[in-house]
Amino acid sequence: MTSEHRRQLRNGRAAPLGAVAVILLAGSCAFDDGPARRLEVTLLSPPEATATTDLGWEVTLTAARLYVHKVTFVTGEAGTAAEEGHTHASLTLALETGETGPEAIGTLRLAHSHGTAETSTTGTKVGELMVDRAVDLLAAPVDLGEAIFAGGAEAAEARILVAPPEEAAPAMHGGGLYVAGTAVPPGGGDPVSFEGALPVGAEASVPGLDIDADDEPALEIHVPREGWFDGIDFAALPGGLIEDGSAAAEALEERLLHDGFHVHIGGD
């Protein structure tokens, strides 16, 4: 994603480009001239800790940073569109437990357009939080500032824009997501040092919310990080690098965008 595209994206002029739900409106907030409500927003994420992946690697993060441009709160559900970029999808089997054990009841398709910013055009914006900075997940809780809502607004979805910074930000190494750490092989052995700076360039959608701006004291955005590195063979990473466009990078971005954020009311 070029700096010009990112500038257009942040100004709301970019055309719809992807499969993750997002809304970006040009100009000032629609409620600038009406009553507004301000809610403090905090980001929470686990501290540095060792986690075991599904392949048995013991992973310890020494750095985990996101460059968050803004969070938009909208009403209703979102449609999606994909106009350019390489789109890949994963199918997750939805199960329920019956008398004879788990039974398939359908599938869920998650699509992600790699390497471009992603937008859609549905929903009505009722609130917004401008962040525009690198967020250190390992230093959480992090005060993200105040979200401004229209008075009397109710939001059903939050859309969190993660993309590389427009200006130089050494901590991000040119990415929207930066991770580094060590991974000990299954059964022990010499740890592998790894690092990755991934463009991401997309907005994560968190639907199913019930935010009444007049009633809530504050909001929390949780980034749990469970399963981020599942399926990655760290011994196969070239020089320990999670390369942009690799299967490891796409898996990591997919987990961040589709199950990497939760939004809570206050301390819920």
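Criteria and cut-off values
- Residues numbered from 1 in each chain as written.
- Predicted model: local features only at pLDDT ≥ 70, side-chain atom pairs only at ≥ 80, totals over all residues.
- Heavy atoms only, no water.
- Helix = DSSP H or I, 4+ residues; strand = E, 2+ residues; numbered from the N terminus.
- Buried < 20%, exposed > 50% of the residue type's maximum accessible area, 1.4 Å probe, protein only.
- Areas by Shrake-Rupley, 256 points an atom, 1.4 Å probe, with all protein chains shown as cover.
- pLDDT = per-residue confidence, 0-100.
- Contact = heavy atoms within 4.5 Å.
- Polar contact = N/O pair within 3.5 Å; in protein donor to acceptor, adjacent residues only side chain to side chain.
- 1 Å grid on protein atoms, 1.4 Å probe; cavity = no way out; pocket = protein on both sides within 12 Å on 5 of 7 lines; lining within 4 Å.
- Points joined across faces, edges and corners; volume = space filled by probe spheres on them.

## Things to note about the overall build of the chain
Looking only at helices and strands, one finds 2 helices and 15 strands in the chain. Within the chain, buried positions represent 46% of all 268 residues. With an accessible surface of roughly 12,200 Å², the chain has 50% of that area assigned to carbon and sulfur atoms.

## Overview of the confidence of the model for the chain
Predicted coordinates in areas of low pLDDT are best not read in detail. Of the residues in the chain, 69% have a pLDDT of 70 or more, and the chain-wide mean is 76. Scored below 50 in pLDDT, residues 78-98 shows 72 contacts in the model against residues more than four places distant or in partner chains. The model gives residues 100-121 a pLDDT under 50, and that stretch makes 99 contacts with residues more than four places away or in other chains.

## Points about the environment of Leu-61
Here Leu-61 shows up in strand E3 (residues 58-75). Remark: the alpha-carbon pair of Leu-61 and Glu-195, spanning 134 residues in sequence, is separated by 9.7 Å. Here Leu-61 is in contact with Glu-48, Ala-49, Leu-138, Val-179, Ala-180, Gly-181, Phe-194, Arg-225 and Phe-229, once residues within four sequence places are set aside.

## Some details on the side chain of Ser-45
Among the structural elements, Ser-45 can be located in the loop between strand E1 (36-44) and strand E2 (50-52). Among the residues examined, Ser-45 registers a relative accessible area of 11% and is labelled buried. One polar contact links the side chain of Ser-45 to the main-chain carbonyl oxygen of Val-223, over a distance of 2.6 Å. In terms of polar contacts, Ser-45 uses its side chain to reach the side chain of Arg-225, at 2.7 Å. Among all residues touching Ser-45, those that are not within four sequence positions of it are Leu-137, Ala-140, Val-223 and Arg-225.

## Digging into the layout of surface pockets
Approximately 290 Å³ is the volume found for the second largest pocket. Along its surface, the second largest pocket is lined by 16 residues, and Ala-49, Ala-51, Arg-225, Glu-226 and Gly-227 are the ones closest to its centre. Sorting the residues of the lining of the second largest pocket by element identifies E2 and E3 as the ones contributing at least two each. No other element matches the 3 residues that E2 contributes to the lining of the second largest pocket.

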